[in-house]
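A structural walkthrough
What follows is each chain in one-letter form.
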Amino acid sequence: MKYDYLIVGSGFYGATLAHEVKKAGKTVLVIDKRPNIAGNVYTQDVEGIHVHQYGAHIFHTNEKQVWDYVNQFAVFNRFTNSPVANYRGELYSMPFNMYTFNKMWGVITPEEAEAKINEQRAEITHKPQNLEEQAISLVGRDIYEKLVKGYTEKQWGRPCTALPAFIIKRLPVRLTFDNNYFNALYQGIPIGGYTQIVANMLDGIEVRLGVDYLENKSELDALAEKVIYTGPIDAYFQYQLGALEYRSVRFETELLDIPNFQGNAAVNYTDTETPWTRIIEHKWFEFGKDADGNDLPKTVISREYSSEWKLGDEPYYPVNDERNMKLYQRYKALAAQESDVIFGGRLGEYKYYDMDAVILLALRKSKELLK
């Protein structure tokens, strides 16, 4: 049998396209080299807790079309992302808001907070030359030293003075008591985890797991009229122009025989000495309850460590600096010559996309394909 589409990768981009083209009557085969569907949004049930295996995923969007779309496949809860920053045992509310400024300086009114920030920002009198100067020019030295510097240096693996200013184009400063991290109209976590969303998207579609497309490329290409490829664009071309750079993340996950480890889904460790960037306590994404509303007696935590990426590691964050973007443009030119292959998603386009953006791109691409 020859399929209309072979889709390489079962994350949100591949699964959305698979669902849409099948709905339009096309035949689809989805393959994934992992032993499970759902890509980096894969969640695994551990003691009734839906563990985000590849890092915290909190769905948020301002696109009603996308929100309505994902709600076909799962019921979402009312989770609000309100991370806490831990700086050497001092706890601060994130993103920067009146709770943060009160803890930092004892200020009570927005006017006092704004005056303090403006006073500290004035330290930088020239155009910021690096990330440190850029951050101080936006929020002042106290917030930079306690809540930006250590976290950023761990995340990027280099000092803030060696990082380009453009990485931090803006830092949200709220002169209100609002610690909802996202400025999104719609936000939540799918009750029962993300894997079921992708399973529902792929309902009735043939899926083959544990299949490495690049190792079996010619025989897999022969199975379909068109290929939708969501893997790394440089890997597709066998790194012939060199490897694009990423930051990677390593997780240490533990099941603990206690009901509550840190009282919040995400705690960022913003000092330089703590080796991990944050700890996720997965149960709080669903308020610590099981499907029947009972309190869960155990908890699962994941410590996240940021690291340099090397071939074989899981690529997470594209390093979108000038050198890498020039290299990506060269790979993109090669991709344009592949008439029967569509490159899409975070790795296929070498761009860090939020989940809603990936789904919207896939919906637009499906309309284009089905014209």
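So, here's what we can say about the structure. Nothing here was measured: the structure is a model prediction, and the numbers come from that model. (Residues numbered from 1 in each chain as written. Predicted model: local features only at pLDDT ≥ 70, side-chain atom pairs only at ≥ 80, totals over all residues. Heavy atoms only, no water.)

1. Some remarks on the pairing of strand 1 (residues 3-8)
A large share of strand 1 lies buried, amounting to five of its six residues. Summarising the sheet, strand 1 and strand 10 (residues 224-229) pair through five bridges and their orientation is parallel. Each residue of the ladder has a partner; that of Y5, found in strand 10, is K226. Relative to strand 2 (residues 28-32), strand 1 runs parallel, the two being bridged by four bridges. Considered in strand 2, the bridge of V8 is made with I31. With helix 1 (residues 12-23) bridging strand 1 and the parallel strand 2, this β-α-β connection has right-handed handedness. (Buried < 20%, exposed > 50% of the residue type's maximum accessible area, 1.4 Å probe, protein only. Helix = DSSP H or I, 4+ residues; strand = E, 2+ residues; numbered from the N terminus. Pairing = 2+ DSSP bridges. Right-handed = clockwise from strand over helix to strand, strands pointing away.)

2. Regarding the packing of aromatic side chains
One pass over the structure, following the stated rule, counts 26 aromatic pairs. Look at F59 and F76: their rings are 5.7 Å apart centre to centre, the planes differ by 65 degrees, and that puts the pair in the edge-to-face class. A residue pair is termed long-range when its members are at least 10 positions apart, and F59 in strand 5 (residues 59-61) and F76 in the loop between helix 2 (64-70) and strand 6 (84-87) qualify at 17 residues. A residue is classified by how much of its surface remains accessible, and F76, at 11% relative accessible area, is buried. Seen from their ring centres, Y69 and F73 are 5.3 Å apart, and the 70 degrees between their planes marks the pair as edge-to-face. Exposure remark for Y69: the relative accessible area of 8% places this residue in the buried category. The lysine or arginine in question, R250, covers the ring of Y305, its NZ or CZ lying 4.2 Å from the ring centre. The ring of W284 is capped by K283, whose NZ or CZ atom sits 5.4 Å from the centre of that ring. (Phe/Tyr/Trp six-rings, centres within 6.5 Å; stacked < 30°, edge-to-face > 60°. Lys NZ or Arg CZ within 6 Å of the ring centre and 35° of its normal.)

3. What to know about unusual backbone geometry
With an omega of -10 degrees, the peptide bond running from M94 to P95 counts as cis. You can see P95 is positioned in the loop between strand 7 (90-93) and helix 3 (98-105). With a phi angle near 95 degrees, A38 is a residue other than glycine that sits in the positive phi range. Among the secondary structure elements, A38 is positioned in the loop between strand 2 and strand 3 (43-46). One non-glycine residue, F287, lies in the positive phi region at around 60 degrees. In this fold, F287 is placed in the loop between strand 13 (278-281) and strand 14 (299-308). Overall, F287 belongs to the partly exposed group, its relative accessible area being 32%.

4. Details of the side chain of T195
You can see T195 is positioned in helix 7 (residues 195-201). We classify T195 as buried; its relative accessible area is 18%.

5. Some words on helix 3
The set of residues buried in helix 3 consists of M98, T100, F101, M104 and W105. Projection of helix 3 onto a plane perpendicular to its axis shows the buried side chains occupying an angular sector of 155 degrees, all on one side. Tucked inside the fold, the buried residues of helix 3 contact strand 7, helix 4 (110-121) and helix 6 (141-156). The N-cap residue of helix 3 is N97: its side-chain oxygen and the backbone nitrogen of Y99 are 2.7 Å apart. Immediately downstream of helix 3, the backbone of G106 shows phi near 80 degrees, a positive value. (Arc of directions from axis to C-beta. Contact = heavy atoms within 4.5 Å. Polar contact = N/O pair within 3.5 Å; in protein donor to acceptor, adjacent residues only side chain to side chain.)

6. Details of the sheet that holds strand 9 (residues 206-209)
The strand order across the open sheet formed by five strands is 9-2-1-10-16, and the pairing between neighbours is parallel. Here the strands that pair on one side only, and so sit at the sheet edges, are strand 9 and strand 16 (341-343). Across the sheet, the axes of successive neighbouring strands diverge by a mean angle of 20 degrees, strand direction being ignored. Taken together, the three bridges between strand 10 and strand 16 define a ladder with parallel strand orientation. Bridge pairing links Y229 to F343 in strand 16. (Axes fitted to C-alpha atoms, helices over the stretch in contact; angles between N-to-C directions.)

7. Concerning the sheet that holds strand 11 (residues 246-256)
Taken together, seven strands build an open sheet; the order of strands is 7-6-12-13-14-11-15 and the sheet is mixed. Every other strand in the sheet has two partners, leaving strand 7 and strand 15 (317-318) as the edge strands with one partner each. Sheet topology note: the strand 11/strand 14 ladder contains ten bridges and is antiparallel. Each residue of the ladder has a partner; that of F251, found in strand 14, is E304.

8. Considering the packing of helix 1 against helix 12 (residues 355-369)
Viewed as axis vectors pointing N to C, helix 1 and helix 12 meet at an angle of 35 degrees, and their least axial separation amounts to 8 Å. The interaxial crossing formed by helix 1 with helix 12 has right-handed handedness. Where helix 1 approaches helix 12, its residues F12, Y13, T16, L17 and E20 are matched on the opposing element by M355, V358, I359, L361, A362, L363, K365, S366 and L369. In the contact of helix 1 with helix 12, the residues fall into ten nonpolar, two polar and two charged. (Left-handed = near helix turned anticlockwise from the far one by under 90°. Nonpolar A, V, L, I, M, F, W, Y, C, P; charged D, E, K, R; others polar.)

9. Description of the environment of S82
Within the secondary structure layout, S82 lies in the loop between helix 2 and strand 6. Between the C-alpha atom of S82 and that of F182, which follows or precedes it by 100 residues, the distance is 8.7 Å. Discounting residues that sit within four places of it in the chain, S82 has contacts with M94, N179, N180 and N264. One polar contact links the side chain of S82 to the main-chain carbonyl oxygen of N179, over a distance of 2.9 Å.

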